[in-house]
Amino acid sequence: MKKIIIIILSIAFIPILNSCSDFDKLNVSPNDVNEVDPNFLLTTNTYNFASTYSEFGYWGSRIPSLLQYYQVGDGYKSEEFNALYWTPGQSSPWGSIYSNLIDVQAMADLSVEQENVFTEAVALVYQAGLIDLATKIYGDVPFSETNQLEEGIVFPKYDQQKEIYETLLVNLKTAKNMIEAIPGSEVPVLEGYDLLYNGDKDKWVKFVNSLRIRMCLLLNNKRNELSIDLDAEFQDAAQNVFTSTDDNAVLDYIGNSSATSFRGGPFRTSALTYARRMGLGFLNSLRDQNDPRLYRWLRPVEKKWDMDIAEATTIQYTDPLGQTFPVEVLPYPSGYDDLDTSLYVGLPVGSQASWTAYNAGPQATSVEPKTTPFNSRLSEIYFQNANQYVGMNIITYSEVEFILAEAAAIGAFGASDAEGHYKKAIEASMDEWGIYGDYVGGFDFEEFYSQEEIDLSQATNEHERIMTQKYVSMFFRPEPWFDWRRTGYPDFVPPVDGAQPAIPIRYHYDTPTPPDPQNVEKYNEAVERLEKSEFVQVPTNDDTRSRMWLLQGTNLPY
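Draft legend 1. The overall build of the chain, seen in detail. Broken down by element type, the chain carries 19 helices and 11 strands. Taking 558 residues into account, the globule formula puts the C-alpha radius of gyration at 24 Å, and the chain, at 24 Å, falls close to it. Judged by the C-alpha coordinates and their principal axes, the chain covers about 80 × 50 × 50 Å. For the chain, buried positions account for 58% of its 558 residues. Long-range contacts, defined here as pairs at least 24 residues apart, represent 72% of the contacts in the chain between residues at least 6 apart. Looking at the chain as shown, the accessible area adds up to about 21600 Å², and 47% of this sits on carbon and sulfur atoms. In the chain, the 42 positive side-chain charges and the 79 negative ones have mean positions that sit 2 Å from each other.

Draft legend 2. The arrangement of the pairing of strand S7 (residues 313-318) in detail. Note that S7 and strand S8 (residues 324-331) share six bridges and pair antiparallel. Note that in S8 the partner of Ile315 across the bridge is Val327.

Draft legend 3. Helix H7 (residues 117-138), seen in detail. Helix length check: H7, at 22 residues, gives a terminal C-alpha distance of 32 Å against a target of 32 Å (1.5 Å per residue), a fit within 8%. For H7, the tally of buried residues reaches 19 of 22 residues, placing the bulk of the element in the interior. Where H7 begins, the capping side chain belongs to Asn116, and its oxygen is found 3.3 Å from the backbone nitrogen of Phe118. Once H7 ends, the next one or two residues include Gly139, with phi positive near 115 degrees.

Draft legend 4. Looking closely at the sheet that holds S7. Taking strand neighbours across the sheet as the criterion, the three strands line up as S6-S8-S7 in an open arrangement whose pairing is mixed. At either margin of the open sheet sits one strand with a lone partner, and together these are strand S6 (303-306) and S7. Neighbour to neighbour, the strand axes of the sheet diverge by 40 degrees on average, direction disregarded.

Draft legend 5. Molecular detail of the packing of helix H13 (residues 397-409) against helix H17 (residues 462-473). With their axes 9 Å apart at the nearest point, H13 and H17 run at an angle of 170 degrees to one another. Here H13 is positioned roughly antiparallel relative to H17, judged by the angle of their axes. Here Ser398, Glu399, Phe402, Ile403, Ala405, Glu406 and Ala409 of H13 come into contact with H17, specifically with Glu462, His463, Ile466, Met467, Gln469, Lys470 and Ser473. For the contact of H13 with H17, the residue count by class is six nonpolar, four polar and four charged.

Draft legend 6. Here's a closer look at the environment of Lys173. In this fold, Lys173 is placed in helix H8 (residues 161-180). What makes Lys173 partly exposed here is its relative accessible area of 29%. With 39 residues separating them along the chain, Lys173 and Arg212 place their C-alpha atoms 7.8 Å apart. Apart from the residues within four sequence positions on either side, Lys173 is in contact with Arg212, Glu233 and Asp236.

Draft legend 7. Representation of the packing of aromatic side chains in the model. Throughout the structure, instances matching the rule amount to 58 aromatic pairs. For the pair Tyr253 and Phe262, a centre-to-centre distance of 5.6 Å together with 65 degrees between the ring planes defines the contact as edge-to-face. The same class applies to Tyr253 as to Phe262, namely buried. Between Arg485 and the ring centre of Trp481, over which it is positioned, the NZ or CZ distance is 4.9 Å. The ring of Tyr509 is capped by Arg506, whose NZ or CZ atom sits 4.9 Å from the centre of that ring.

Draft legend 8. Looking closely at the environment of Asp109. Mapping Asp109 onto the fold places it in helix H6 (residues 94-113). Between the C-alpha atoms of Asp109 and Ala123, which are 14 residues apart in sequence, the distance is 9.2 Å.

Draft legend 9. Looking closely at unusual backbone geometry. Of note, the bond from Tyr489 into Pro490 is cis; its omega dihedral lies within 30 degrees of zero at -10 degrees. Secondary-structure assignment places Pro490 in the loop between helix H18 (479-487) and helix H19 (517-528). In this model, Thr513 is joined to Pro514 through a cis peptide bond whose omega is 0 degrees. Along the chain, the position of Pro514 falls in the loop between H18 and H19.

Draft legend 10. The arrangement of the pattern of salt bridges in detail. Summed over all chains, the structure comprises 31 salt bridges. Here Glu166 ties to Lys162 by a salt bridge, and the two come within 3.0 Å at their closest N and O atoms. Of this pair, Glu166 and Lys162 are both found in helix H8, four residues apart, which corresponds to roughly one turn of the helix. Given the relative accessible area of 14%, Glu166 is considered buried. According to the relative accessible area criterion, Lys162 is partly exposed, its value standing at 25%. Across the pair Lys206 and Asp202 runs a salt bridge, and its minimum N-O distance is 3.7 Å. On the criterion of helical spacing, the pair formed by Lys206 and Asp202 is a turn pair, its members being four residues apart in helix H9 (residues 201-218). It is possible to trace a salt-bridge network through shared partners that takes in Asp132, Lys136, Arg214, Glu399, Arg477 and Glu479.

Draft legend 11. Local environment of the nonpolar core. Formed by 149 residues in total, the largest nonpolar core has its most connected members in Tyr126, Phe207 and Tyr382. Each residue touching Phe207, except ones within four places of it in the same chain, is listed here: Phe49, Val125, Leu196, Tyr197, Phe242, Ala249, Ile394 and Ile395. Membership of the second largest hydrophobic core comes to seven residues, among which are Trp305, Leu339, Val367 and Phe374.

Draft legend 12. Region of the structure containing the side chain of Gln451. Looking at where Gln451 falls in the secondary structure, it is placed in the loop between helix H16 (445-449) and H17. The buried category is assigned to Gln451, whose relative accessible area is 14%. Polar contacts involving the side chain of Gln451 include one to the main-chain carbonyl oxygen of Gln289, which spans 2.8 Å. When neighbours within four sequence positions are excluded, Gln451 is seen to be in contact with Asp288, Gln289, Asn290 and Gln458.

The rules behind the values
- Residues numbered from 1 in each chain as written.
- Predicted model: local features only at pLDDT ≥ 70, side-chain atom pairs only at ≥ 80, totals over all residues.
- Heavy atoms only, no water.
- Helix = DSSP H or I, 4+ residues; strand = E, 2+ residues; numbered from the N terminus.
- Rg over C-alpha atoms; globule rule 2.2 N^0.38 Å.
- Buried < 20%, exposed > 50% of the residue type's maximum accessible area, 1.4 Å probe, protein only.
- Contact = heavy atoms within 4.5 Å.
- Areas by Shrake-Rupley, 256 points an atom, 1.4 Å probe, with all protein chains shown as cover.
- Lys, Arg positive; Asp, Glu negative; His and termini not counted.
- Charge placed at Lys NZ, Arg CZ, Asp CG, Glu CD.
- Pairing = 2+ DSSP bridges.
- Expected span 1.5 Å × (residues − 1).
- Polar contact = N/O pair within 3.5 Å; in protein donor to acceptor, adjacent residues only side chain to side chain.
- Axes fitted to C-alpha atoms, helices over the stretch in contact; angles between N-to-C directions.
- Parallel < 35°, antiparallel > 145°, perpendicular 65-115°, else oblique.
- Nonpolar A, V, L, I, M, F, W, Y, C, P; charged D, E, K, R; others polar.
- Phe/Tyr/Trp six-rings, centres within 6.5 Å; stacked < 30°, edge-to-face > 60°.
- Lys NZ or Arg CZ within 6 Å of the ring centre and 35° of its normal.
- Salt bridge = Lys/Arg side-chain N within 4 Å of Asp/Glu carboxyl O.
- Core = buried A, V, L, I, M, F, W, Y, C linked by side-chain atoms within 4.5 Å.

Pasting the structure below:
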């Protein structure tokens, strides 16, 4: 089991650790490692992968505010989250990604040693998922030389993104083939240890294939530079992908402790904060399209201005999903002409200042920053330890249908029937958010779809329509950032207080730690392979508006 100990030592030298004490914690050999079953590591790695991926889309990350799903209302970190002033090391998932890869490699080595084909295949999948996330965020990243201290590699190189993806596609196909070759309809896993699919082999194959078509579409703009047949990869995988919401790769929160609860719930938050409020543009698009998911994601204001009353009153408002809220209705104050009288009010996008006073009129000086009642706060589902609608999403049936719809719309991979897949994608999203079951009087999807803003046949630009609706459907998930970078859709308005009229397209690398010359040299090699856009105003290429290989030569998103 020496290899597993070497893994921990080797990975420690890329920018994960910040102190000698951190290194000491990792440089410990588990005395009973020979007794470990890879099934035990399967649960840990499933949670780590699902949590790391989904958290990048929730509000511990910069991405949901970049995507304008929400804005910070109380001014705390508003320069980072609203105006998108990003500095190296801030809110970076580098450490968690590479820390999780240690456990994945340990599971892989144990699986090979114990001839457990299933967990060996899953290790390939989780490694591919984590490295895919890392390289999409930063660009070139350590991959092929990590975990090789035994071979004398102390400081792993930053692999080129092209080579990373060629390897990941091969590894995912290998994992799929390994799982398919397991006899029977179930994979050999201890009861209760497969947190995603409880041993269902077909669902595992669908999961891996769904990740493959996502990756192929990501690479479509760079297909001519790849040594792999992207069409063949996509077509092979697309034969058996998700076909219903029952296939979704989502890990639910249990909510019985801090470790098993959503970050917004009381177990993980000492004082509930309502500082995050939906972006006004996103809210308006939902409202304009009569989108019922608005009511799942947002609650009405607690205090509403009204031009038609003379005295304050309290009403009980019931939304289309049957949820009832008390709303204090106030006479519209004199001397103001720009207050929003809607039941649902969002925050304008891109301000460095506090939005505490927004829409408060004469009460602006008396509202508490995090609980201001004059603009809508997120639904209560985001402030509970666990809720059926808030999970650790990796990939869903809705996303798969959007991928197939986009591929058909742009004439890629031999895909067809863009509208059929597009409709299924939106229907699946409505199902995932419980719209069919809760909509008062029943939800008429065909009536919703027939709107000019939704119906694909009425779109002047099918690609843009598909990507816009995919963006809406993937609320609080990170993929729309990667989609926007490669397509330019939706057409986001840059922050009004931003340093540049351009939204970031990557994260800064974490500072090489330790600052050994060899380590710094390999970091510098990766930085040199980045390409500055016209919005970079610093000497280094390591800027949030520099292009990684995925974007070089595409003229996207700018």
